[in-house]
Amino acid sequence: MIKLPGLIDPHVHLREPGATHKEDWASGTQSGLAGGYTILLAMPNTDPPIADEYSYSIAATAANKKSYIDFGIFIGAGKDNALTAADLAPRAAGLKMYLDQTYGPLHLENLTFWQQHLKNWPVDYPIAVHAERRSLAAILFMSVLYNKPVHICHVARKEEILLIKDAKEKGVKVTCEVAPHHLFMTDEDIPQDEPGRGEVRPCLVSKKDQEALWENLAVIDCFASDHAPHTLAEKISASPPPGFPGLETSLYLYLNAVSEGRLTIDDLVLRMETNPRKIFRLPRQTETWIEIDPEFSWEIKATNTYTRCGWTPFEGWKVKGRLKRVILRGETVFEDGEIVAKPGSGRNVRLISTSD
Ligand SMILES: [Zn+2]
């Protein structure tokens, strides 16, 4: 049995408010717990988007009542909320800037909006950005111009990881994360008969891109799931929304990579606990750990998951390594596939004191 710290996922979509048929704060945090996480940071592209005091309080109220594990809530950067967002910074997981089109209405096309947020957001609080290809080059330049460190979400392409590598070497304050579907799948995995199941942003990319991510593992600060659940009916519809569920498969894909010798346990802990805690300035959770049986071989099946979306792009994948137990603040909250925690036992990470 291996004992590891509780894992942190800095990038998940829990769909509440607005789309609770896909997920809510209860099912999403149960899914996180079953995946070995004890902290989830939730993205703001809900309906309404989390972009002001009112929408933040809707999400925070639901989260306080329903969460099984600790959580943070991002504020979305909109076209007219730079000052409001900055006021909410101490209570937020961070600011999320959508610089390219994805699911939801928070896309910031105009550079003036980028400027307003970068100028106003307090420097001590994290900024996470969705920035692909040329948007990445642009935000790196502006982060230097306004002296605001940025965290680049779900890096997928060779050109992007190489740019971040060079930026880091030049001393630019940038960190980044990669999602498991970009490390373990390529565009060849998009099902021909149901291509909607392969829709995700950034898209599934080429084998060359995937190889560049593995070759530049040292540049990757975090493994984030980008858990983005949609129902199977939505995924196979005429207009499939982008996104994959990932909370209950990420740890296992990485443990399997450890069993194959592609990663070490230290690589995993650095990117699933140490770095996310540092980058997002998260408090330490006392007496909190997870226990793993590294030898247990099994097959991923959506029927055995807690997420409400009911499918996984990794259906039928054979993996080695299984979560046995999760202990949060000294209490067993998950054991042998069963959730033992009570809803509402999760805390907002911005309200946990650092000495707690
Ligand atoms: Zn996302």
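The rules behind the values
Residues numbered from 1 in each chain as written. Predicted model: local features only at pLDDT ≥ 70, side-chain atom pairs only at ≥ 80, totals over all residues. Heavy atoms only, no water. Pairing = 2+ DSSP bridges. Helix = DSSP H or I, 4+ residues; strand = E, 2+ residues; numbered from the N terminus. Contact = heavy atoms within 4.5 Å. Axes fitted to C-alpha atoms, helices over the stretch in contact; angles between N-to-C directions. Disulfide = S-S within 2.5 Å. Buried < 20%, exposed > 50% of the residue type's maximum accessible area, 1.4 Å probe, protein only.

S.K.: How would you explain the sheet that holds strand β1 (residues 2–5) if you had to name every residue and give the values?
M.R.: Taken in spatial order, the five strands of this open sheet run β1-β11-β12-β13-β14, and their pairing is antiparallel. Of all strands in the sheet, those bounded by a partner on one side alone are β1 and β14 (338–339). Pairing geometry for strand β11 (residues 289–299) and strand β12 (residues 318–328), over eight bridges, is antiparallel. Looking at β12, one finds that Trp 298 is bridged to Val 319. Its contacts with the sheet place helix α10 (residues 250–259) against β11 and β12, and it is angled at close to 120 degrees to β12.

S.K.: Run through the environment of Pro 90, naming residues and quoting values.
M.R.: By the secondary structure assignment, Pro 90 is in the loop between α3 (82–88) and β6 (95–98). Non-local contacts of Pro 90, meaning those with residues more than four positions away in its chain, are made with Tyr 125 and Arg 350.

S.K.: Summarise the state of the cysteines; cite the residues concerned and give the values.
M.R.: Going through the model one piece at a time under the given rule, you end up with zero disulfides. Of all cysteine sulfurs, the one in Cys 222 lies closest to Cys 153, which takes part in no disulfide; the gap is 9.6 Å. Taking relative accessible area as the criterion, Cys 153 reaches 1% and is therefore assigned buried. Cysteine Cys 222 is unpaired, with the sulfur of Cys 176 as its nearest cysteine sulfur at 7.8 Å.

S.K.: Describe in detail the sheet that holds strand β7 (residues 127–130), supporting the description with residues and values.
M.R.: One open sheet accounts for six strands, arranged β5-β6-β7-β8-β9-β10; its pairing is parallel. The open sheet has two free edges, formed respectively by β5 (75–76) and β10 (222–223), since each of these has just one partner strand. Here β7 pairs with strand β8 (residues 150–152) via two bridges, running parallel. Bridging from a neighbouring strand, Ala 128 pairs with His 151 of β8.

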